[in-house]
Amino acid sequence: MEAALIIFALMVLITFLGLGYATVKVAKATKRGVDRTISQARRTVEDTTLRAKSFGQVGVAGALAQLRLDLRTSMRSTQQALQEGARVDASLKESIMLFERLSAHGRDLDDELKMLEQDPDRQRIGERMPDLRERTAKITQAADSLRWAARDRASRFAEDELSSLSEQIRMESGALRDWQREPQVDELAEVAAAWDAAQAPANGSAADAAQAPAAAGTAQAPAGRGEELQRPALDAPAPQPQYPWQKAPRPETTT
């Protein structure tokens, strides 16, 4: 009885532990989903604000907003393209590692531009604008190069696969249309009749040739019989002519 109670208590404890573990996993997954949604919403709001500043403000403030907007747009597009391409192309993992190193420089530059937006010394910021534009151009050009290389690679693979698929479909279509080239029953009958007609003259000539020596032998039979009556009785009979189609005579047996 005590053993049964212990087993029941253990089962209850394991059940509660399993429920607690499942609850923690669900809570963590929910938190990650919420954090992801908040981050996306924050990025959307910030990009909208930067776009408004780049169009609505002039001077240093508008230039800083445009630099941040170009940098963020390029980096986000490249990250998305590499992540999607890596799902089907494992060779992009090295490109992702390079992009992560580039992203560190991009984040540092974005933080610096964001800080300069709050700086009141517009003259000093204006002096630094050429350097800021050059750094932004280097990072965005590198990100654009990775993104377009990944897209060109994916397009080439898709084109090769489409070409191979088109060739297979062409061969299969030709195989499905083989019935158009199969001879019909009427055509076979006509070919057989033509063959028989071509063979008939050859067979008739062979039969006539076989019958001619036989007729000649029949005509000479009386003359041969008269000569045979005039010969002495003890003379051996003359050998009969042999023809290719006659069987060889059997030897006489003596008893």
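Scroll up to find the structure this text is about.
On a predicted model such as this, the values are computed, not experimentally measured, just so you know. (Residues numbered from 1 in each chain as written. Predicted model: local features only at pLDDT ≥ 70, side-chain atom pairs only at ≥ 80, totals over all residues. Heavy atoms only, no water.)

**Student:** How should I be thinking about the overall build of the protein chain in this particular structure?
**Tutor:** When helices and strands are counted, the protein chain shows 5 helices and 0 strands. Starting at the N terminus and ending at the C terminus, the protein chain contains elements arranged as α-α-α-α-α. Here the protein chain, with 255 residues, has 17% of them falling under the buried criterion. Once local pairs closer than 6 in sequence are excluded, the contacts in the protein chain between residues at least 24 apart make up 67%. (Helix = DSSP H or I, 4+ residues; strand = E, 2+ residues; numbered from the N terminus. Buried < 20%, exposed > 50% of the residue type's maximum accessible area, 1.4 Å probe, protein only. Contact = heavy atoms within 4.5 Å.)

**Student:** Looking at this structure, how should I read the packing of helix α2 (residues 60-86) against helix α3 (residues 93-117)?
**Tutor:** The N-to-C vectors of α2 and α3 enclose an angle of 160°; their axes lie 10 Å apart at closest approach. Classified by the angle their axes make, α2 and α3 are roughly antiparallel. Of the two possible hands of crossing, α2 and α3 adopt the one that is left-handed. Seen from α2, the contacting residues are L64, A65, L67, R68, L71, R72, M75, T78, Q79, L82 and A86; seen from α3, they are S95, I96, F99, L102, S103, G106, L109, D110, L113, K114, L116 and E117. Residue composition of the contact of α2 with α3, grouped by class: 13 nonpolar, 5 polar and 5 charged. (Axes fitted to C-alpha atoms, helices over the stretch in contact; angles between N-to-C directions. Parallel < 35°, antiparallel > 145°, perpendicular 65-115°, else oblique. Left-handed = near helix turned anticlockwise from the far one by under 90°. Nonpolar A, V, L, I, M, F, W, Y, C, P; charged D, E, K, R; others polar.)

**Student:** For this particular structure, what's the right way to read the environment of D89?
**Tutor:** For D89, the position within the fold is in the loop between α2 and α3. The class for D89 is buried, based on a relative accessible area of 11%. The contacts of D89, once residues within four sequence positions are left out, are R153 and F157.

**Student:** I'm lost on the nonpolar core in this one. Help?
**Tutor:** For soluble globular proteins, the rule of thumb is that nonpolar side chains tend to be buried together. In this structure, L64, M75, M129 and L132 are the most contacted members of the largest nonpolar core, which totals 20 residues. Every element with two or more residues in this core is listed here: α2, α3 and α4 (122-176). Ignoring anything within four residues of it in the chain, the contact list for L132 reads L64, L67, L109, E112, L113 and L116. (Core = buried A, V, L, I, M, F, W, Y, C linked by side-chain atoms within 4.5 Å.)

**Student:** Mind showing me how you'd approach the pattern of salt bridges here?
**Tutor:** Any two side chains of opposite charge can pair, given that their charged atoms come close. Under the defined criterion, the tally for this structure stands at 11 salt bridges. Between D144 and R147 there is a salt bridge, with its nearest N and O atoms 2.7 Å apart. Residue D144 and its partner R147 are located together in helix α4, separated by 3 residues, close to a single helical turn. Judged by relative accessible area, R147 falls into the buried class, the value being 9%. Via salt bridges that share partners, R68, R72, D110 and E117 belong to a single interconnected network. (Salt bridge = Lys/Arg side-chain N within 4 Å of Asp/Glu carboxyl O.)

Any functional reading would require information that these geometric values do not contain.
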